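Residue-level structural notes
What follows is the residue order along each chain.
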Amino acid sequence: MSDANEGLPTLTFQGSRSQVVADSIRKAILSGKLAPGQPLVERELSQQFGVSKTPVREALIGLVGSGLVDQHHYRGMTVQRVSPELARDVFETRDRLEPYAIGLAAHRVDDADVSEAQTVLDRAGEHGRRGAWIDMQLLNRSFHRRLYGACGNPVMCRYLDGLQDLVALISLSGWTQRTTWEQEHAEHQRILDAVAARDAAAAEAEARAHMNGFVTQLMDSLAAEDRGPTNTT
């Protein structure tokens, strides 16, 4: 067993084995315990989790589908790397769908929906203040899902759900580049305020500004990282 996978959690099975393994690998990737580009070897992971290779293989195939794992003919499966190209493609797709869905949701939400979203957002802020980025990201994910999930278009929701893992990975990469969670949290509040006011145009505009601001900042950071350190001599 390689040292790279040490520290992965012991599993408690309360669902299908492949789903439990997938959830554990997902959290390990988003927490950085499994690093970008790191090989994911079925035999090693099955030993670590105490399961056969079959649920590990099924879990990895599912994570390839969600984008967290990259599959290559020669290299096998590895943890996805966040590149400027990947970030652009994900956020271009998201930009076409999610702000519109949130605008639609503003016509359909009720007070209970708004209250639940506010509770999730407040909890995310508490985790952000403690520097618990993974827990905050999971709550941000739930916050976004509660908003666009009320749009009334299940096909659109399925497409957006399919982007969630990659959005989480890219968002966490952005936080390692630049600490922006406070600004993003304030933007989330503005989106929710517009939804609560049933102002579809403002909700859509706030959501689009939030997503575009983050991706612009992230793309600048990733491009600088690709260029490497600047020689100032």
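Residues numbered from 1 in each chain as written. Predicted model: local features only at pLDDT ≥ 70, side-chain atom pairs only at ≥ 80, totals over all residues. Heavy atoms only, no water.

**Concerning the packing of helix α1 (residues 17-31) against helix α6 (residues 133-148)**
To keep it simple, the criterion reads: Only C-alpha atoms enter the line fits that serve as axes; for helices the fit covers just the stretch in contact. Angles between N-to-C directions range over 0 to 180 degrees. Runs of E in the DSSP output that reach at least two residues are strands. Runs of H or I that reach at least four are helices, and both are numbered from the N terminus. A clockwise turn of the near helix away from the far one marks a right-handed crossing, whereas an anticlockwise turn of less than a right angle marks a left-handed crossing. The contact criterion used throughout is that any non-hydrogen atoms of two residues lie within 4.5 Å. Put simply, Ala, Val, Leu, Ile, Met, Phe, Trp, Tyr, Cys and Pro go in the nonpolar bin, Asp, Glu, Lys and Arg in the charged bin, and everything else, Gly too, in the polar bin.
Following both chains from N to C, one finds α1 and α6 inclined at 115°, their axes separated by 10 Å at the closest point. Our pair here, α1 against α6, has a crossing hand that is right-handed. Packed against α1, whose contacting residues are Arg26, Lys27, Leu30 and Ser31, the element α6 presents Ile134, Asp135 and Arg141 at the interface. Of the residues contributing to the contact of α1 with α6, the split by class is two nonpolar, one polar and four charged.

**So, the pattern of salt bridges**
Opposite charge on two side chains lets them pair, provided their charged atoms get close. Rules: Take a side-chain nitrogen of Lys or Arg and a carboxyl oxygen of Asp or Glu: if they are within 4 Å of each other, that pair is a salt bridge. For every residue, the accessible area (1.4 Å probe, protein chains only) is compared with the maximum for its type, and the residue is labelled buried under 20%, exposed over 50%, or partly exposed between those bounds.
Counted under the stated rule, the structure contains 13 salt bridges. Between Arg146 and Glu116 there is a salt bridge; the shortest N-O distance is 3.0 Å. Remark: Glu116 occurs in helix α5 (residues 111-130) and Arg146 occurs in helix α6; sequence separation between them is 30 residues. We classify Arg146 as partly exposed; its relative accessible area is 36%. By relative accessible area, which is 42% here, Glu116 ends up partly exposed. Here Arg145 makes a salt bridge to Asp161, at a shortest N to O gap of 2.7 Å. One end of the pair, Arg145, is in helix α6; the other, Asp161, is in helix α7 (residues 154-177), and 16 residues separate them in sequence.

**Describing the side chain of Asp95**
With respect to the secondary-structure elements, Asp95 resides in helix α4 (residues 84-106). Not counting the four nearest positions on each side in its chain, Asp95 is found in contact with Arg208 and Asn212.

**Re the packing of helix α2 (residues 42-49) against helix α3 (residues 53-66)**
Here is the rule: Should an angle fall under 35 degrees it is taken as roughly parallel, and over 145 as roughly antiparallel, whereas 65 to 115 is taken as roughly perpendicular and any remaining angle as oblique.
Relative orientation of the contacting elements α2 and α3 amounts to 115°, with a least axis distance of 9 Å. In terms of orientation, α2 lies roughly perpendicular with respect to α3. When you trace α2 past α3, the crossing you get is right-handed. Each of Glu42, Arg43, Leu45 and Ser46 in α2 lies in contact with α3, whose residues at this interface are Lys53, Val56, Arg57 and Leu60. Its residues assigned to classes, the contact of α2 with α3 comprises three nonpolar, one polar and four charged.

**Considering the environment of Arg108**
The condition that has to hold: Here a polar contact means two N or O atoms within 3.5 Å. Within protein one must be a hydrogen donor candidate and the other an acceptor candidate, and residues neighboring in sequence count only if both atoms are side-chain atoms.
Structurally, Arg108 is set in the loop between α4 and α5. Excluding anything up to four places from it in sequence, Arg108 contacts Ala150, Cys151 and Gly152. Looking at Arg108, its side chain comes within polar contact range of the main-chain oxygen of Ala150, at 3.2 Å.

**Points about the confidence of the model for the protein chain**
Low pLDDT means the predicted atomic positions in that stretch should not be read closely. Just so we agree on the cut-off: For every residue, the predictor reports its confidence as pLDDT, a number between 0 and 100.
Residues of the protein chain with pLDDT of at least 70 account for 86%, and the chain-wide mean is 87. Of all helices and strands in the protein chain, the one with the weakest mean pLDDT is helix α9 (residues 200-227) (82), whereas α5 scores best (96).

**Let's talk about the nonpolar core**
Considering soluble globular proteins, one finds that nonpolar side chains tend to be buried as a cluster. Basically, it comes down to this: Only buried residues count toward a nonpolar core. Its members are Ala, Val, Leu, Ile, Met, Phe, Trp, Tyr and Cys residues joined through side-chain atoms within 4.5 Å.
By size, the foremost hydrophobic cluster in this structure holds 35 residues, and its most contacted members are Ile25, Ile29, Leu40, Leu60 and Ile170. At the level of secondary structure, the elements contributing two or more residues to this core comprise α1, α2, α3, β2 (76-79), α4, α7 and α9. Sorting elements by how many residues they give to this core places α7 first, with seven residues. Setting aside residues up to four positions removed in sequence, Ile25 forms contacts with Leu34, Leu45, Phe49, Leu60 and Leu63. Within the second largest apolar cluster, 29 residues are counted, among which are Ala105, Ala106, Leu139 and Ala150.

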